[in-house]
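Listed here are the chains, written in short residue letters.
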Amino acid sequence: MFKSFFHWKVLVNLLVALAVFAGLVWLTFRWLEFHTNHGEEIPVPNVVNMTVHQAIKVLDDSGLEYEVDSAQYNPVYKPFQVLMISPSPGSHVKGGRTVLLKVNPRTWAKVAVPDIIDRYKGLAFNQLNLVGLKVGDTLYEPSIQRDAVLRILYQSRPIKPGELLPKFSSVDLVIGSGPMRNVTIPNLVGRTVQEAKKIIAQNLFEVGIVEYEDGKTDESAIIYYQDPPAGALRDQGMQIDLWASKKTPAEMFNKVKELDLMYRPKVDTVVPSPIRYEEVDFDEPAPVPVAPKPKPTPKPEAEKKPQTTTPKPATTSSDKKPATTEKPKEKKKVIVE
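Residues numbered from 1 in each chain as written. Predicted model: local features only at pLDDT ≥ 70, side-chain atom pairs only at ≥ 80, totals over all residues. Heavy atoms only, no water.

Caption draft 1: Broad picture of the overall build of the chain. Tallying secondary structure elements over the chain gives six helices and 16 strands in all. The contacts in the chain between residues at least 6 apart in sequence include a share of 72% that link residues at least 24 apart. Split by element, the accessible area of the chain, about 27,200 Å² in all, is 57% carbon and sulfur. (Helix = DSSP H or I, 4+ residues; strand = E, 2+ residues; numbered from the N terminus. Contact = heavy atoms within 4.5 Å. Areas by Shrake-Rupley, 256 points an atom, 1.4 Å probe, with all protein chains shown as cover.)

Have a look at this one:
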């Protein structure tokens, strides 16, 4: 077996195979060098401050590819001016290499308008500032949504959320000023439900209950009754209830009378006769008669007993006592020594 392996024919075949393999490897590397321009480098030209059209022409002549980035606008530089090139000017790259050009766009990049409809104005201002949009004029119109954003205007035309605008653009906002007071209720009797809803919305009222006579929801039905009635004064945002039927309002006369008794009872407007008040002169009050007190009945006196008088004996002069004579008073003597 080993003798057959070291036979000269086998060795020749091995040498031929090795030569073919080495030749294929050499040819492969040579092809790669030719295809990739191995050893050939091109200096990156300085195209900074050129316009993008001039820079593209220079890069094409140099055999370099390019990619343009114009995402950020700088008002200091001219529109379409090349601000930077990567790799930097003077660097050596192979032919066909792609270089990046940063170009100043014509204006700011566009941003999407945020959805601020029906939002409070303070919150809407903050959302616009976050995306880089400015608030121009604020216009107010009557609406039940006080201080809420109703519409967005750009250059006097309404725009929708999501529309793209240049960054730092100014937009105008239409804001609700609140409902109006004492607005006349429109007449809806004789109109279809669809027409009535449109009129209610135009006058900034709300649709209340809608009752159909046959129980089927059909907006082509005719309004034969409404509450509040036409001509009444209400604040905007109040609800208007509707009654509709396929019949005409004249055919629904009895039903209208029933609804009138329920929603519009008659009030007695007869003014009662005024009460008359007469002035009365008040005199001094008359003395109230006092009933005389009954006199006490005298009690009967007890019968007096008869008194017996005994006659006194007559006195004689002899029996009388003699009258006493007063003694003369002695005179006081004064002795002078």
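Caption draft 2: Region of interest: empty space enclosed by the protein. For the structure shown, the criterion picks out one cavity of 30 Å³ or more. Looking at the largest cavity, its volume works out to about 30 Å³. Taken together, Tyr212, Asp214, Lys216, Asp218, Ala221, Ser245 and Lys246 make up the full set of residues lining the largest cavity. Of the residues belonging to the lining of the largest cavity, the class tally is two nonpolar, one polar and four charged. (1 Å grid on protein atoms, 1.4 Å probe; cavity = no way out; pocket = protein on both sides within 12 Å on 5 of 7 lines; lining within 4 Å. Points joined across faces, edges and corners; volume = space filled by probe spheres on them. Nonpolar A, V, L, I, M, F, W, Y, C, P; charged D, E, K, R; others polar.)

Caption draft 3: Region of the structure containing the sheet that holds strand S13 (residues 206-212). Ordered in space as S13-S16-S14, the three strands form an open sheet in which the pairing is mixed. Looking at which strands have only one partner, the edges of the open sheet turn out to be S13 and strand S14 (222-227). Between one strand and the next, the sheet's axes are offset by a mean angle of 30 degrees, whatever the strand orientation. Where S13 meets strand S16 (residues 239-245), five bridges bridge the pair, whose relative direction is parallel. (Pairing = 2+ DSSP bridges. Axes fitted to C-alpha atoms, helices over the stretch in contact; angles between N-to-C directions.)

Caption draft 4: Focus on a nonpolar patch on the surface. Among the surface-exposed residues, Val12, Val16, Val20, Leu24, Trp26 and Leu27 lie close enough to one another that they form a single nonpolar patch of about 600 Å² accessible area. Within the secondary structure layout, valine 20 lies in helix H2 (residues 8-35). We classify valine 20 as partly exposed; its relative accessible area is 49%. (Patch = residues over 30% accessible without salt bridge, like charges linked within 9 Å, V, L, I, M, F, W, Y side chains within 5 Å. Salt bridge = Lys/Arg side-chain N within 4 Å of Asp/Glu carboxyl O. Buried < 20%, exposed > 50% of the residue type's maximum accessible area, 1.4 Å probe, protein only.)

Caption draft 5: Structural view of the sheet that holds strand S2 (residues 65-69). A sheet is described by the order of its strands in space; here three strands give the open sequence S2-S5-S3, paired in mixed fashion. Of all strands in the sheet, those with a lone pairing partner are S2 and strand S3 (82-86), marking the two edges. Geometrically, the sheet is characterised by an average inter-axis angle of 25 degrees between neighbouring strands, direction not taken into account. For S2 and strand S5 (residues 98-103), the ladder comprises five bridges, and the chain directions are parallel. Residue aspartate 69 lies in a different strand from S5, and its bridge partner there is lysine 102.

Caption draft 6: Summary view of helix H3 (residues 52-62). Looking only at H3, the buried set comprises Val52, Ala55, Ile56 and Leu59. When H3 is viewed along its axis, its buried side chains cluster within an angular range of 100 degrees and face the same direction. Away from its buried face by more than 90 degrees, H3 exposes His53, Lys57 and Asp61. The inward-facing, buried residues of H3 contact S2, S3 and S5. (Arc of directions from axis to C-beta.)

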